[in-house]
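Secondary and tertiary structure notes
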Amino acid sequence: MVCKGAKVYTENHIFEKKDLYIKGRCIESGSPGEGEAVFDASGLYAIPGLVDIHFHGCMGEDLCEADEEGLRRIAKYQAENGVLAICPATMTYGEEKLSRICQQITAFAEKQDEKAEGMEADLVGIHLEGPFLSEEKLGAQNPAYLELPDAAMVDRLQEKAKGLIKLVDVAPELEGSEAFIRELGEKIKISLAHTNATYEQALQAFEAGAGHLTHLYNAMPGMHHRMPGPVIAAMEQGAEAELICDGVHVHPAMVRLTFKLFGSDKVILISDSMEACGLPDGVYQLGGQSVTVKGNRAVLTENPGIIAGSTTNLLNCMRAAVKEAGIPLEDAVRACTENPARAIGVEDVYGSLTPGHMANVVFLDEELQIRAIIQKGKLYQ
């Protein structure tokens with residue numbers, strides 16, 4: 001297939017009007033041969049399929065509770081909204097339940113391709129958000145299941161997941177966190193999350209091998225001129241920073257500041273969506289706790305001052321970054337594709353339209369609305 005006339009997002013992080021060639025499931029270089037199918041993409045943006053490395057559910061399905069059909073509903077919704085690779089996040093539970101969750105997800109991922117009917121986002125990883133978190137910065141996590149950092153537990157979970165765990169969160173001020181990071185840091189990306197750490201504690205964690213910050217600004221100390229906190233430590237150490245750009249979690253001015261502080265190569269937009277995403281207002285659950293959703297805001301029913309994930313998808317977050325925060329489209333695309341793919345080690349397959357990568361392409365109009373999607377070389381309009 002050749003896609004003609006699109007403004008293609010390139011490896012140089014700019015848009016160029018050119019043809020895009022696809023052979024089988026992959027992007028290829030060169031020119032089309034006789035009889036090639038042609039897709040007229042004139043006037044459209046062609047960007048890589050989005051990659052969400054932190055969300056909990058959608059369409060009434062929660063990652064931690066979903067069976068095979070539930071996981072398929074999640075994957076279908078994400079794909080229909082331009083997110084073609086996913087690394088969803090668990091909530092804080094005990095090892096027994098987390099083991100079952102890892103096994104369920106892995107069993108689905110192993111057979112997903114052969115059982116898929118139509119578009120489904122590829123399940124490429126698991127983000128272990130709990131249970132090694134601070135009680136002081138819990139957010140919507142369940143305090144009943146908190147544990148101190150335990151590398152052996154992660155190893156056991158990773159065995160159940162057959163290597164699918166790509167991100168593990170930890171509050172670095174907890175006892176044993178530095179040894180935890182040193183032991184696991186070369187095997188799995190370690191992220192600081194739900195933490196009350198000081199600048200010095202965060203700096204020590206990054207020096208020990210952490211390289212990621214989960215939902216920046218949320219569930220952590222803010223920046224202060226005498227107590228710079230984990231945000232500044234992450235910036236100084238060149239860590240990646242997740243950012244929920246849903247118009248609720250982070251003010252547009254802070255979105256702009258984040259891109260300036262961390263650079264467009266380090267910001268990773270995430271949705272952090274929960275099961276209410278794609279559904280009307282109402283009462284839902286997250287991590288076993290009741291959540292009330294009204295409009296774009298989800299809060300704990302028993303404690304409405306605490307935000308409980310988002311109700312939007314990653315493409316909407318990308319639009320918000322561009323339209324509400326004024327982030328250049330090129331930078332917003334990078335933060336939703338290349339950066340998250342690199343963060344979890346799947347950048348050789350996803351997140352780029354360079355030859356050899358999976359032919360996952362989202363075609364957007366000037367209003368950033370989807371006009372067509374190519375997944376694994378197959379066109380959906």
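Right, let's walk through the structure included here. (Residues numbered from 1 in each chain as written. Predicted model: local features only at pLDDT ≥ 70, side-chain atom pairs only at ≥ 80, totals over all residues. Heavy atoms only, no water.)

**Section: the overall build of the chain**
Put simply, the rule reads: The secondary structure listing takes helices from DSSP runs of H or I that are at least 4 residues long and strands from runs of E that are at least 2 residues long, numbered from the N terminus. Only C-alpha atoms enter the radius of gyration, while the globule expectation follows 2.2 Å times N to the 0.38, with N the number of residues. Each residue's exposure class comes from its accessible area (1.4 Å probe, protein chains only) as a fraction of the maximum for that residue type: buried when under 20%, exposed when over 50%, partly exposed otherwise. We call two residues contacting when some pair of their heavy atoms lies within 4.5 Å. Here the Shrake-Rupley method, with its probe set to 1.4 Å, supplies the accessible areas, and only the displayed protein chains count as covering residues. Just so you know, the count uses Lys and Arg for positive and Asp and Glu for negative, and it drops His and the chain ends. Lysine's charge is taken at NZ, arginine's at CZ, aspartate's at CG and glutamate's at CD.
Within the chain, the regular secondary structure consists of ten helices and 23 strands. Here the C-alpha radius of gyration of the chain, 20 Å, is about what a compact globule of 381 residues would show, namely 21 Å. Structurally, the chain occupies a C-alpha span of about 65 × 45 × 40 Å along its principal axes. In the chain, which comprises 381 residues, the proportion classed as buried is 58%. Put simply, of all contacts in the chain between residues at least 6 apart along the chain, 68% involve residues at least 24 apart. Approximately 14900 Å² of the chain is accessible, and the part contributed by carbon and sulfur atoms is 47%. Between the centroid of the 34 positive side chains of the chain and the centroid of its 56 negative side chains there is a distance of 4 Å.

**A short note on the pairing of strand β20 (residues 303–307)**
Short version of the rule: Paired strands, in this sense, are two strands between which DSSP finds at least two bridges.
As paired elements, strand β19 (residues 297–300) and β20 share two bridges and run antiparallel to each other. In the strand pairing of β20, L300 is matched with N303. Linkage of β19 to β20, two consecutive antiparallel strands, is achieved through a turn of two residues.

**Comments concerning the nonpolar core**
Using the following cut-off: Only buried residues count toward a nonpolar core. Its members are Ala, Val, Leu, Ile, Met, Phe, Trp, Tyr and Cys residues joined through side-chain atoms within 4.5 Å.
Judged by nonpolar contacts, the single largest core of 99 residues is most densely connected at F180 and L269. Among residues more than four places away in sequence, those in contact with L269 are L243, C245, F259, L314, C317, M318, A321, A332, A335 and C336. Among the nonpolar cores identified, the runner-up in size contains 17 residues, and M1, A359, A372 and I374 belong to it.

**Brief notes about the sheet that holds strand β13 (residues 189–192)**
If you trace the six strands from one edge of the open sheet to the other, you get β11-β12-β13-β14-β15-β16, paired in parallel fashion. Two strands lie at the open edges of the sheet, namely β11 (126–128) and β16 (267–270), each paired on one side alone. With four bridges joining them, strand β15 (residues 240–244) and β16 adopt parallel strand pairing. Among the inter-strand pairings, E242 is bridged to a residue of β16, identified as I268.

**Digging into the packing of helix α2 (residues 95–115) against helix α3 (residues 151–161)**
For the record, the criterion: A fitted line through C-alpha atoms represents every axis, and for helices the fit uses only the stretch in contact; the resulting angles, taken between N-to-C directions, go from 0 to 180 degrees. Roughly parallel means an angle under 35 degrees; roughly antiparallel, over 145; roughly perpendicular, 65 to 115; everything else is oblique. In a left-handed crossing the near helix is turned counterclockwise from the far helix by less than a right angle, and in a right-handed crossing that turn is clockwise. Under the scheme applied here, ten amino acids are nonpolar (Ala, Val, Leu, Ile, Met, Phe, Trp, Tyr, Cys and Pro), four are charged (Asp, Glu, Lys and Arg), and all others, including Gly, are polar.
Where α2 meets α3, the axes come as close as 8 Å, and the angle between the chain directions of the two elements is 30 degrees. Taken together, the axis directions place α2 and α3 in an arrangement best described as roughly parallel. As for how α2 packs across α3, the hand of that crossing is right-handed. When α2 is examined against α3, the residues E95, L98, S99, C102, Q103 and T106 are found in contact with a partner set consisting of M153, R156, L157, K160 and A161. Of the residues assigned to the contact of α2 with α3, the class counts are five nonpolar, three polar and three charged.

**Focus: the packing of aromatic side chains**
The condition is simple: Pairing of aromatic rings covers Phe, Tyr and Trp, the last counted by its six-membered ring, and requires centre-to-centre distances within 6.5 Å; plane angles under 30 degrees mean stacked, over 60 mean edge-to-face, and any other angle means tilted. Charge-over-ring placement is defined geometrically: NZ (Lys) or CZ (Arg) within 6 Å of the ring centre, and within 35 degrees of the ring normal.
What the rule picks out here adds up to five aromatic pairs. Measuring from ring centre to ring centre gives 5.6 Å for Y93 and Y145, while their planes differ by 55 degrees; the resulting arrangement is tilted. Separated by 52 residues along the polypeptide, Y93 in the loop between β9 (83–86) and α2 and Y145 in the loop between β11 and α3 bring together distant segments of the chain. Among the aromatic residues, those joined into a ring-pair cluster are Y9, F15 and Y45. Over the ring of Y45 we find K7, and its NZ or CZ is 4.2 Å from the ring centre. A cation sits over an aromatic face here: K97 above Y93, 4.1 Å from the ring centre.

**Things to note about the environment of V291**
Position of V291 relative to the elements: it lies in strand β18 (residues 289–294). Residues V291 and G176, spaced 115 residues apart in sequence, show a C-alpha to C-alpha distance of 32 Å. Residue contacts for V291: discarding those within four places in its chain leaves M274, G282, V283, Y284, Q285, L286, A298, V299, L300, T301 and A308.

**Comments concerning the pattern of salt bridges**
Our working definition: Each salt bridge in this description consists of a side-chain nitrogen of Lys or Arg and a carboxyl oxygen of Asp or Glu lying within 4 Å of one another.
Tallied over the full model, the rule gives 21 salt bridges. Between E95 and R156 there is a salt bridge; the shortest N-O distance is 2.7 Å. One end of the pair, E95, is in helix α2; the other, R156, is in helix α3, and 61 residues separate them in sequence. Taking the shortest distance from any N to any O, the salt bridge between R100 and E96 comes out at 3.5 Å. Residue R100 and its partner E96 are located together in helix α2, separated by four residues, close to a single helical turn. By relative accessible area, E96 is classed as exposed at 61%.

**Remarks on helix α5 (residues 199–208)**
Every buried residue of α5 is accounted for by Y199, A202, L203, A205, F206 and A208. In this structure, the buried residues of α5 make contact with α4 (177–184), β13, β14 (212–213) and α6 (229–236).

**Some points on the sheet that holds β18**
On the basis of which strands lie adjacent, the open sheet formed by four strands has the order β17-β18-β19-β20 and antiparallel pairing. Only two strands of the sheet have a single partner each, and these edge strands are β17 (282–286) and β20. If you compare each strand with its neighbour and ignore which way they point, the axes differ by 45 degrees on average.

**Let's talk about the environment of E110**
If you trace the backbone, E110 turns up in helix α2. E110 gets classed as partly exposed once you look at its relative accessible area, which sits at 49%. It is 26 Å that separates the C-alpha atoms of E110 and I268, two residues lying 158 residues apart in sequence.

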